[in-house]
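# Notes for the structure review
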Amino acid sequence: MPRSEAASPNSLDPQDWSSVRALGHRMLDDMFDYLEHIRERPVWQSMPGAVRASFRDPLPLGPSELNAVYREFLRNVLPYSNGNVHPAFMGWVQGGGSAVGMLAEMLAAGLNANLGGRDHAGIEVERQIVHWMRRLFGFPAAASGLFVTGTSMANLIAVLVARDVALGFKIRRSGISACVPKLKAYASMASHVSLRRALDFCGLGSDTLRLVPVNSQHRINLAALRHMIDADRNAGYSPFLLVGTAGTVDTGAIDDLDGLAVIASEAGMWLHVDGAYGALGILAPAIAPRLAGIQAADSLAFDFHKWGQVPYEAGFVLVRDGELHRQAFASPAAYLEREARGLAAGSPWPCDFGPDLSRGFRALKTWFTLKAYGLQALGESIARTCELAHYLEQRIAESSELELLAPVSLNIVCFRFRCQNPDRVNARLVVDLQESGVAAPSTTRINGELAIRAAIVNHRTARSDIDALINATLATGRTLAASREDPELEAIYRD
Ligand SMILES: *Cc1c(COP(=O)(O)O)cnc(C)c1O
C-alpha cells in the first residue's frame, strides 16, 4: 500500500528535494565533463601541502551545505585522483572505468542493496553473472561464483578452499595446528604477491609457496615444476596446490595452462588460475587460444576492474565444485536462517561463499558493462591494448637510445633508457614522467634490472599516447644523462 504520511522529522532525506536534485544533476554533468575532457588534464599531479592539510580537519560535528562539500570535492579531491581514468596512465595494471559503469554505481547506491543474501533482484543479477562466467570459461553448471573486492581476495578464497579440501573441512573448527601440515604450493617466480599473502592469511605460511623458475618467455618452467614436486614428495611433503598465472603482472606472460592441468591432475593437486587481468583476454579471439586449459582449473580468480573496465572494485572468483566452495565458508547462525519463501528464501546466499556478510552490488556495474558494450566490443578493446603494446615495442626497437627488457606477450612493455647507471636514471625518469603529467608508467625489475613498465589497460589509450610516452621518455632520459652537474643528479650517478 502506498504511504501518504509525512516523512520522519529525523530522516536524513532532504527537506527540499528540488535543490538536491539540481545539485545532483550538476554533479552528473561535471563527471561527464570530466570523462569527456580527461585528455585535457595532466595524468596525475602531486597534491600540494595545503590541500593535503585540509584532510586533517577535525571531525565535523555540525552540518555543512552540500554545495560547500561538493566544492571542496572539486577543489581538493577530483584534481588529485590516481589518474587511471586518463589514457596516458600506464602504471601497474589498472582499468580505466567507463561512463556506463559510473551510472550503474549511482543506481546501485540508490538501491543501497545488500548482496550478502536474501531474496531480491540484486542476487539474481549476481547469479546471472556467475552463470555467464561459467559459460565463458567452460566451467560446469555446479560451479559457484562470487564477487569480491579484487583478485587478491579471490586468490585468498581459492587458496582457502584448496586448503580445506586438502586437510578436511574439520580444520575449520580445529584449526590447522592439529594437522601439522606439510603442504606445498607451486607458482612461477613471476606470480603475484597476493598468492604468498593468501598462504600467510590462511595460516599455512608464505613459505608453503614454492616459486618455480620461468623460461625465456617468463612462463612457468614445467620440467622444473615436475622436479620440485617430486623432490618435495620424496622429502615427505604433500603438494596440494598448483597456481598458473594468465597474464603475469610484470610482463603479461601466460603460463602453459594445459600443461599445468596435466601435472595437477597427475599429482592430485588443486589447480588455481590467477587470471587477474589476463583471463578476460578470452574475449579477444587472438588471445583466447593462448588461455587453453583455463577451463580445467579447479578455481579461477580475475578482475572485471582491469581489462573489463568496470569501475573499482569488481574482483571475481569461480570454483569448479561449488559445493566444496560452500563447505569452506558456510556457517549457520540463527539470525541468518533460510526459508523456502519470503525475504529469507533463495539459499545458498553469496555470504555462504566468502568471508563477507554485508556486500555491495558490484554485480550491477558489471551487468551494465557486459550488456551495454557486449562481449565483442570489450574483446576488441582488449585486443587494441595489445596492438598498442606492439606499437610501443616497435617504437622502442626503432630507437638506439631505448631497449626492450622482456618479450611483449600481451599489453605490458618493459623497457629502459640506455645510459650509465641505468637503474637509478630510469627510476628517476619514471618519477619525472609521472610528475610531468604527460604519461604515467611505473617500474618493475626484470632479471634484477629496473625497467620502465607500461601496462596498457585503458580503453581510451591511443597511438598518440604511446608517441607521447616515447617522446617524453627520450627527452627526459637525455636531460638526465646530460645534466651531471646538477647536484641532485650527481647523487644518481655516484654509485
Ligand atoms: C592485479 C593482479 C592481482 C591483484 O588483483 P587486485 O584486484 O589488485 O587485488 C593478482 N594477480 C595478478 C596477476 C594481477 O595482475
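So, how was this worked out
- Residues numbered from 1 in each chain as written.
- Predicted model: local features only at pLDDT ≥ 70, side-chain atom pairs only at ≥ 80, totals over all residues.
- Heavy atoms only, no water.
- Helix = DSSP H or I, 4+ residues; strand = E, 2+ residues; numbered from the N terminus.
- Rg over C-alpha atoms; globule rule 2.2 N^0.38 Å.
- Buried < 20%, exposed > 50% of the residue type's maximum accessible area, 1.4 Å probe, protein only.
- Contact = heavy atoms within 4.5 Å.
- Areas by Shrake-Rupley, 256 points an atom, 1.4 Å probe, with all protein chains shown as cover.
- Lys, Arg positive; Asp, Glu negative; His and termini not counted.
- Charge placed at Lys NZ, Arg CZ, Asp CG, Glu CD.
- Near = heavy atom within 4 Å.
- Polar contact = N/O pair within 3.5 Å; in protein donor to acceptor, adjacent residues only side chain to side chain.
- 1 Å grid on protein atoms, 1.4 Å probe; cavity = no way out; pocket = protein on both sides within 12 Å on 5 of 7 lines; lining within 4 Å.
- Sits in = over half its atoms within 2 Å of the grid points.
- Nonpolar A, V, L, I, M, F, W, Y, C, P; charged D, E, K, R; others polar.
- Pairing = 2+ DSSP bridges.
- Axes fitted to C-alpha atoms, helices over the stretch in contact; angles between N-to-C directions.
- Expected span 1.5 Å × (residues − 1).
- Arc of directions from axis to C-beta.
- Parallel < 35°, antiparallel > 145°, perpendicular 65-115°, else oblique.
- Left-handed = near helix turned anticlockwise from the far one by under 90°.
- Points joined across faces, edges and corners; volume = space filled by probe spheres on them.
- Domains from an automatic or database assignment.
- Buried area = accessible area lost by both parts, 1.4 Å probe.

Before going further, it helps to examine the overall build of the protein chain. Within the protein chain, the regular secondary structure consists of 15 helices and 11 strands. Computed over the C-alpha atoms, the radius of gyration of the protein chain is 25 Å, within 12% of the 23 Å expected from 2.2 N^0.38 for a compact globule of 495 residues. Projected onto the principal axes, the alpha-carbon positions of the protein chain cover approximately 75 × 70 × 45 Å. The 495 residues of the protein chain split such that 49% are buried. A sequence separation of at least 24 residues applies to 73% of the contacts in the protein chain between residues at least 6 apart. Here the protein chain displays about 23,400 Å² of accessible surface, and carbon together with sulfur accounts for 54% of that area. Averaging the positions of the 48 positive and the 52 negative side-chain charges in the protein chain gives two centres separated by 4 Å.

Moving on: the site of the ligand. Around the ligand lies a shell of 13 residues, among which T151, S152, D274, D303 and K306 are the nearest. Within the side chain of D274, a nitrogen or oxygen atom sits 2.7 Å from a nitrogen atom of the ligand. Contact distances for the ligand include 3.0 Å between an oxygen atom and a side-chain N or O atom of H305. Alone, the ligand offers 380 Å² of accessible surface; in the complex the protein occludes 86% of this. Most atoms of the ligand, that is more than half of them, are within 2 Å of grid points of the second largest pocket. By residue class, the composition of the shell around the ligand is three nonpolar, seven polar and three charged.

Next up on the list: the sheet that holds strand 11 (residues 449-455). A sheet is described by the order of its strands in space; here four strands give the open sequence 8-9-11-10, paired in antiparallel fashion. Lying at the two open borders of the sheet, with one neighbouring strand each, are strand 8 (402-404) and strand 10 (442-446). For this sheet the average axis-to-axis angle between neighbouring strands, irrespective of direction, equals 45 degrees. When strand 8 meets strand 9 (residues 412-417), the two strands line up antiparallel, connected through three bridges. Note that in strand 9 the partner of E403 across the bridge is R416.

A few words on helix 9 (residues 222-234). Three or four residues apart is the spacing at which side chains of an α-helix point the same way, because the helix has 3.6 residues per turn. For helix 9, spanning 13 residues, the distance from its first C-alpha to its last is 18 Å, which sits close to the expected 18 Å at 1.5 Å a residue. Turning to helix 9, its buried residues are A224, L225, M228, I229 and D232. Down the axis of helix 9, the sector holding all buried residues measures 135 degrees, keeping them to one side. Among the exposed residues of helix 9, those pointing more than 90 degrees away from its buried face are A223, H227 and N234. Of the surrounding secondary structure, the elements contacted by the buried residues of helix 9 are strand 2 (183-188), strand 3 (209-212), strand 4 (238-245) and helix 10 (257-267). Once helix 9 finishes, G236 follows within two positions and takes phi at roughly 95 degrees, a positive value.

On to the side chain of T245, then. Assignment of secondary structure puts T245 in strand 4. In this structure T245 touches S191, A253, I254, D255 and D274, once residues within four positions along its chain are discounted.

A separate point is helix 6 (residues 151-167). Compared with the 24 Å implied by 1.5 Å per residue over 17 residues, the 24 Å span of helix 6 between its first and last C-alpha is a close match. Within helix 6, 13 of the 17 residues are buried, which leaves it mostly tucked inside the rest of the structure. G168 occupies a position one or two residues after helix 6 and carries a positive phi of about 95 degrees.

Moving on: unusual backbone geometry. Residue E313 follows Y312 across a cis peptide bond; omega there is -10 degrees. Relative to the elements of secondary structure, E313 occurs in the loop between strand 6 (299-303) and strand 7 (315-319). That bond from S347 to P348 is cis: its omega, 0 degrees, falls within 30 degrees of zero. Relative to the helices and strands, P348 resides in the loop between helix 11 (322-329) and helix 12 (362-398). Backbone geometry places R118, a non-glycine residue, at a positive phi of 75 degrees. Along the chain, R118 falls in the loop between helix 4 (99-111) and helix 5 (121-137). The partly exposed category is assigned to R118, whose relative accessible area is 25%. Of note, N421 is a non-glycine position whose phi angle comes to about 50 degrees, a positive value. Looking at the secondary structure, you find N421 in the loop between strand 9 and helix 13 (422-436). With a relative accessible area of 18%, N421 lands in the buried category.

Before going further, it helps to examine the packing of helix 5 against helix 12. Two numbers describe how helix 5 lies on helix 12: the axes approach to 9 Å, and their chain directions differ by 50 degrees. The angle between helix 5 and helix 12 falls in the class oblique. Crossing handedness for the pair helix 5 and helix 12: left-handed. Of the residues in helix 12, those in contact with V125, E126, Q128, I129, W132, M133 and L136 of helix 5 are A363, L364, T366, W367, L370, K371 and L375. Along the lines of polarity and charge, the residues of the contact of helix 5 with helix 12 split into 10 nonpolar, two polar and two charged.

Quick look at the layout of surface pockets now. Estimated volume of the largest pocket: approximately 620 Å³. Lining the largest pocket are 25 residues; nearest its centre among them are M31, Y34, L35, M102 and P311. At the level of elements, helix 1 (17-36), helix 3 (66-77) and helix 4 are the ones that each hand at least two residues to the lining of the largest pocket. With six residues, helix 1 is the largest single contributor of residues to the lining of the largest pocket. Grouping the amino acids of the lining of the largest pocket by side-chain chemistry returns 14 nonpolar, 10 polar and one charged.

With that settled, consider the domain arrangement of the protein chain. If you check the domain split of the protein chain, you get domain 1 (17-79), domain 2 (113-360) and domain 3 (374-493). Taking only C-alpha atoms, the centre of domain 2 and the centre of domain 3 are 32 Å apart. Residue-level contacts link 23 residues of domain 2 with 23 residues of domain 3. For the pairing of domain 2 and domain 3, the buried interface totals around 1,700 Å² over both sides, and the portion due to carbon and sulfur atoms is 63%. Counted by class, the side of domain 2 that touches domain 3 contains 10 nonpolar, 10 polar and three charged residues.

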